[in-house]
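This is what each chain is made of:
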Amino acid sequence: MPLQVKAALARVLGQDQARRVQDLDGAALKALTGYPPSKAFRSLCLYFGLVEGRASKWPTADLPSEEVARALQSLPNPFDLLLATPVATVLDLGAGDLSFAGELVDHYGPLLLTHQRELVLHAVDRLDPRSKLGGPLHPGRDRIAQLQARPGLAFRFYGNQDMFDLHELDESGHLAARYTLVTCWAPATPTFAYEPTRLSEAVIQEDLRRSKGAFRHVRYEGESALEVQHGERALIFPSWKFDIRGPVALLNLMARRGLVGVLGAVDSQVFWEILAQLLEDARYRPQNQPFNQENLPVVFGAIYQHLMQLKVGDVVSLAQLGVLRSCLPASALIQTAQPTYGFRDVWIRRGAVFPGVPASSTARQFMHMREESPPWFLTLVPEDRRP
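This one's a predicted model, so the numbers in the text were calculated from it and none came from an experiment.

Asker: Any chance you could explain the overall build of the protein chain here in plain terms?
Answerer: Looking only at helices and strands, the protein chain has 13 helices and eleven strands in total. For the protein chain, the spread of C-alpha atoms along the principal axes amounts to about 70 × 55 × 50 Å. Looking at the protein chain residue by residue over its 387 residues, the buried ones come to 49%. The contacts of the protein chain with a sequence gap of at least 6 include a subset with a gap of at least 24, amounting to 74%. Only carbon and sulfur atoms are counted for the fraction: they give 52% of the accessible area of the protein chain, which is about 19,100 Å². Charge centroids of the protein chain, computed over 41 positive and 41 negative side chains, lie 2 Å from each other.

Asker: Got a minute to help me understand the nonpolar core in this structure?
Answerer: When a protein is soluble and globular, its nonpolar side chains tend to lie buried together. Residues Leu 93, Leu 263, Leu 275, Phe 300, Leu 307, Ile 348 and Leu 378 are the most contacted members of the largest nonpolar core, which totals 63 residues. With residues near it in sequence (within four places) discarded, Leu 275 still touches Phe 300, Ile 303, Leu 307, Leu 318 and Ile 348.

Asker: Is there a simple way to explain helix α11 (residues 268–278) in this structure?
Answerer: Two residues of an α-helix separated by three or four positions point the same way, owing to the 3.6 residues in each turn. In terms of residue burial, α11 counts as a mostly covered element, since nine of its eleven residues are buried. Looking at α11, one finds that the buried residues are Val 270, Phe 271, Trp 272, Glu 273, Ile 274, Leu 275, Ala 276, Gln 277 and Leu 278. Buried residues in α11 make contact with α10 (247–257), β8 (258–266), α12 (296–308), β10 (343–350) and β11 (376–382). N-capping of α11 is provided by Asp 267, with a side-chain oxygen placed 3.2 Å from the backbone N of Gln 269.

Asker: Whenever I open this one, the sheet that holds strand β5 (residues 215–220) confuses me. Can you help?
Answerer: Through backbone hydrogen bonds, the strands of a sheet pair up, either in parallel or in antiparallel fashion. As summarised here, the arrangement of the three strands in space is β5-β6-β7, forming an open sheet in which the pairing is antiparallel. At either end of the open sheet lies a strand with only one pairing partner, and these are β5 and β7 (233–238). Between one strand axis and the next, the sheet turns by 40° as a mean value, whatever way the strands run. Taken together, the six bridges between strand β6 (residues 223–230) and β7 define a ladder with antiparallel strand orientation. The partner of Gln 229 across the bridge, within β7, is Ala 234.

Asker: I would appreciate a short explanation of the sheet that holds strand β4 (residues 179–185) in the present structure.
Answerer: On the basis of which strands lie adjacent, the open sheet formed by eight strands has the order β3-β2-β1-β4-β8-β11-β10-β9 and mixed pairing. Edge positions in the sheet fall to β3 (153–158) and β9 (315–317), since each of these pairs with one other strand and no more. Neighbour to neighbour, the strand axes of the sheet diverge by 15° on average, direction disregarded. Against the sheet, α12 makes contact with β9, β10 and β11, and its axis sits at roughly 45° relative to β10, the strand it touches most.

Asker: Is there a simple way to think about the environment of Asp 170 in this case?
Answerer: Take Asp 170: it is sitting in helix α8 (residues 167–171). Expressed as a C-alpha distance, the spacing of Asp 170 and Ser 56, which sit 114 residues apart in the sequence, is 7.9 Å.

Asker: Whenever I open this one, the pairing of strand β2 (residues 119–124) confuses me. Can you help?
Answerer: For a regular strand, side chains alternate in direction, first toward one face of the sheet and then toward the other. Counting buried residues along β2, six of its six residues qualify, which places the element largely inside the surrounding structure. Across the two faces of β2 the burial is the same, with Leu 119, Leu 121 and Ala 123 and Val 120, His 122 and Val 124 all buried. Sheet topology note: the strand β1 (residues 89–93)/β2 ladder contains five bridges and is parallel. Across the sheet, Leu 93 pairs through a bridge with Val 124, a residue of β2. What joins β1 to β2 is helix α6 (residues 99–114), and the crossover it makes is right-handed. As judged from the six bridges shared by β2 and β3, these two strands associate in the parallel manner. Residue pairing in the sheet places Val 120 in a bridge with Ala 154 of β3. Considered for its hand, the β-α-β crossover made up of β2, helix α7 (residues 141–148) and β3 is right-handed.

Asker: What should I look at first to understand the packing of α10 against α11 in this one?
Answerer: If you want to describe how two helices pack, look at the angle between their axes and the distance between the axes. Axis separation between α10 and α11 bottoms out at 9 Å; the angle between their running directions is 65°. Taken together, the axes of α10 and α11 lie roughly perpendicular to each other. Between α10 and α11 the crossing geometry is right-handed. In this structure, α10 contributes Pro 247, Val 248 and Leu 251 to the contact, and α11 contributes Glu 273, Ile 274, Gln 277 and Leu 278. Residue composition of the contact of α10 with α11, grouped by class: five nonpolar, one polar and one charged.

Asker: Explanation requested: the pattern of salt bridges in the structure shown.
Answerer: Pairing between side chains of opposite charge can happen when their charged atoms approach one another. By the definition in use, this model includes twelve salt bridges. In this structure, Arg 198 and Glu 273 form a salt bridge, with 2.7 Å as the shortest nitrogen-oxygen distance. Of this pair, Arg 198 sits in the loop between β4 and α9 (201–212) while Glu 273 sits in helix α11, and the two are 75 residues apart along the sequence. A single burial state applies to Arg 198 and to Glu 273, both of which are buried. In this structure, Glu 227 and Arg 216 form a salt bridge, with 2.8 Å as the shortest nitrogen-oxygen distance.

Definitions and limits used
Residues numbered from 1 in each chain as written. Predicted model: local features only at pLDDT ≥ 70, side-chain atom pairs only at ≥ 80, totals over all residues. Heavy atoms only, no water. Helix = DSSP H or I, 4+ residues; strand = E, 2+ residues; numbered from the N terminus. Buried < 20%, exposed > 50% of the residue type's maximum accessible area, 1.4 Å probe, protein only. Contact = heavy atoms within 4.5 Å. Areas by Shrake-Rupley, 256 points an atom, 1.4 Å probe, with all protein chains shown as cover. Lys, Arg positive; Asp, Glu negative; His and termini not counted. Charge placed at Lys NZ, Arg CZ, Asp CG, Glu CD. Core = buried A, V, L, I, M, F, W, Y, C linked by side-chain atoms within 4.5 Å. Polar contact = N/O pair within 3.5 Å; in protein donor to acceptor, adjacent residues only side chain to side chain. Pairing = 2+ DSSP bridges. Axes fitted to C-alpha atoms, helices over the stretch in contact; angles between N-to-C directions. Right-handed = clockwise from strand over helix to strand, strands pointing away. Parallel < 35°, antiparallel > 145°, perpendicular 65-115°, else oblique. Left-handed = near helix turned anticlockwise from the far one by under 90°. Nonpolar A, V, L, I, M, F, W, Y, C, P; charged D, E, K, R; others polar. Salt bridge = Lys/Arg side-chain N within 4 Å of Asp/Glu carboxyl O.

Structure representation (structure tokens):
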């Protein structure tokens, strides 16, 4: 924290005579946090990890990472972990049209129900259900209703919800503290295709205009939108389409919220930016150099050559190719004073859709994209949380 903020907090909270919230300087607390005294004090306790959020009615997945990694090695696909652990919970980030949710429930719901076990599936997406933007990525009401009515399934969908701003859902007990699996299908480009700790804002904006075309914010049928000039066509997207979050934020979120993270149908641009953050050596993170087909072989060297030789369906452990990063950098998007975590195991599989593995409709579209190179599928096991 900035020194002036530390000093201000010390002045407000460091009063020996204070025994109740009412004894604190309420005006100073509100100036620091924007909240009234009681909420301000509780929020500070949550921020510094001194207390948990409101008790959630959902079970918390809690197993040692070594046990999780060992279980995964004996399973055909990471989602089978739902059958092998005491808690079967999934958090789906950027859930889109809920096609993945449907496939997951169809495959694992009946198996869990046979053993009288409940499947908990929570899905979040930034698209506002009331928006006219987003097209087919909006989930239909029928699909939501069908999932909510499934026996043995506790399903919740949160639209108009930023995955990096889950504070209110946590405070109200709507989310589990930690899930068996956290998934993200087809992580958005360019949202996760540029890492702000590696590339400056000027470099990112220049590369966006070079690769995507000119863009500007406009109004479309009464709502904010982003207009992108693609050749002779003007394409309209949600206003936040080009908001850059970067892989560090996504990886931190998955490490904190799941025993296992699954990234499916990852396109090449996002994949290499993610890979740069997973490897220890800083040479994989050249400053202010956007990755392209010319510099990828130079930056990643033997790792690039090995991965590009993988056929669809092939799997490799990243630890066999290079040293995994011991600790991820902190992300400004995740407001917490708790330490960051690295990943003890990362498995990389080439391709988008595999037998017996539930997938999103976006992943299935890759099979029909002849000009697109095969995407990537990553399974990540975070290190155990340190006290």
